[in-house]
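Examination of the molecular architecture
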Amino acid sequence: MKYAIRPLEEGDINDIVSGETRIFGYSLGYDMIYAELKINPYAHYFVLEIDGGFGGYIGLWIYEESAEIINFFVAEEYQGLGFGKLLMEFVIELCESVNVKTISLEVRKDNQKAINLYYKLGFTYSHERKKYYNDSTDALVLIKHLR
Ligand SMILES: CC(C)(COP(=O)(O)OP(=O)(O)OC[C@H]1O[C@@H](n2cnc3c(N)ncnc32)[C@H](O)[C@@H]1OP(=O)(O)O)[C@@H](O)C(=O)NCCC(=O)NCCS
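Below or above, wherever it landed, is the structure these notes cover. Quick caveat, the model's predicted, so the values are computed rather than measured.

Considering the sheet that holds strand β4 (residues 66-74)
The 7 strands lie next to each other as β1-β2-β3-β4-β5-β7-β6, forming an open sheet whose pairing is mixed. The open sheet has two free edges, formed respectively by β1 (3-7) and β6 (124-129), since each of these has just one partner strand. Each strand of the sheet is rotated relative to its neighbour by a mean of 25°, with strand direction disregarded. Pairing analysis gives 8 bridges linking strand β3 (residues 53-63) to β4, with the strands arranged antiparallel. Of the residues in β4, the one forming a bridge with I58 is F72.

Written as structure tokens, this is what we have:
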């Protein structure tokens, strides 16, 4: 299996929208992702390419010493193979290289898979946002402090 992590391109947006809709039941939407790519100077989006096809993506905002993960998924057929960890480690290294001090993210309280991954990578619990998602599920806010 050949894989690469590369910056998002306009041609990836449809894959992201359909992947998000399948996996989360909703998407950030074409226009928002397009704006992130073209006009948001703080946005950094990366695509995981596997065997020349779309395998997932991760998007974050970096503003001075803070970063926030905006969205992140691995396509269903490639989950559980280490790619989620790879994408997260990639953005953690990127943040370290530009002197980010804290990375934060929100995760559904019932998303044990993702929570396991984040804890494994050194994120810790910060606080909860009650009924944050459309279906009233709470969000956990997790933070990782970098050196
Ligand atoms: C969460 C997600 C990104 C993880 O990516 P992945 O490629 O499947 O995960 P990896 O194979 O890299 O596994 C990394 C760690 O995640 C956790 N994990 C992965 N699959 C798991 C499972 N089925 N059950 C419990 N924990 C699991 C484990 O801690 C694992 O480490 P380990 O293999 O050493 O035990 C991916 O499953 C996904 O896209 N899920 C749907 C979208 C989503 O939830 N995105 C995050 C939104 S906050």
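Some words on helix α3 (residues 83-97)
For α3, built from 15 residues, the straight-helix expectation of 21 Å at 1.5 Å per residue is met to within 8% by its first-to-last C-alpha distance of 21 Å. All of the buried residues in α3 are F83, G84, L87, M88, V91, I92 and C95. The first or second residue beyond α3 is N99, which carries a positive phi of 65°.

Looking at a nonpolar patch on the surface
On the surface, M32, Y42, W61 and Y63 cluster together into a nonpolar patch covering about 390 Å² of accessible area. Relative to the helices and strands, Y42 is located in the loop between α2 (30-39) and β2 (43-50). Given the relative accessible area of 40%, Y42 is considered partly exposed.

Structural notes on unusual backbone geometry
Residues other than glycine seldom take positive phi values, yet N99 does so here, at roughly 65°. On the secondary structure map, N99 appears in the loop between α3 and β5 (102-108).

Rules used throughout
- Residues numbered from 1 in each chain as written.
- Predicted model: local features only at pLDDT ≥ 70, side-chain atom pairs only at ≥ 80, totals over all residues.
- Heavy atoms only, no water.
- Pairing = 2+ DSSP bridges.
- Helix = DSSP H or I, 4+ residues; strand = E, 2+ residues; numbered from the N terminus.
- Axes fitted to C-alpha atoms, helices over the stretch in contact; angles between N-to-C directions.
- Expected span 1.5 Å × (residues − 1).
- Buried < 20%, exposed > 50% of the residue type's maximum accessible area, 1.4 Å probe, protein only.
- Patch = residues over 30% accessible without salt bridge, like charges linked within 9 Å, V, L, I, M, F, W, Y side chains within 5 Å.
- Areas by Shrake-Rupley, 256 points an atom, 1.4 Å probe, with all protein chains shown as cover.
- Salt bridge = Lys/Arg side-chain N within 4 Å of Asp/Glu carboxyl O.

In short, the description is geometric, and any link to function would need to be established separately.
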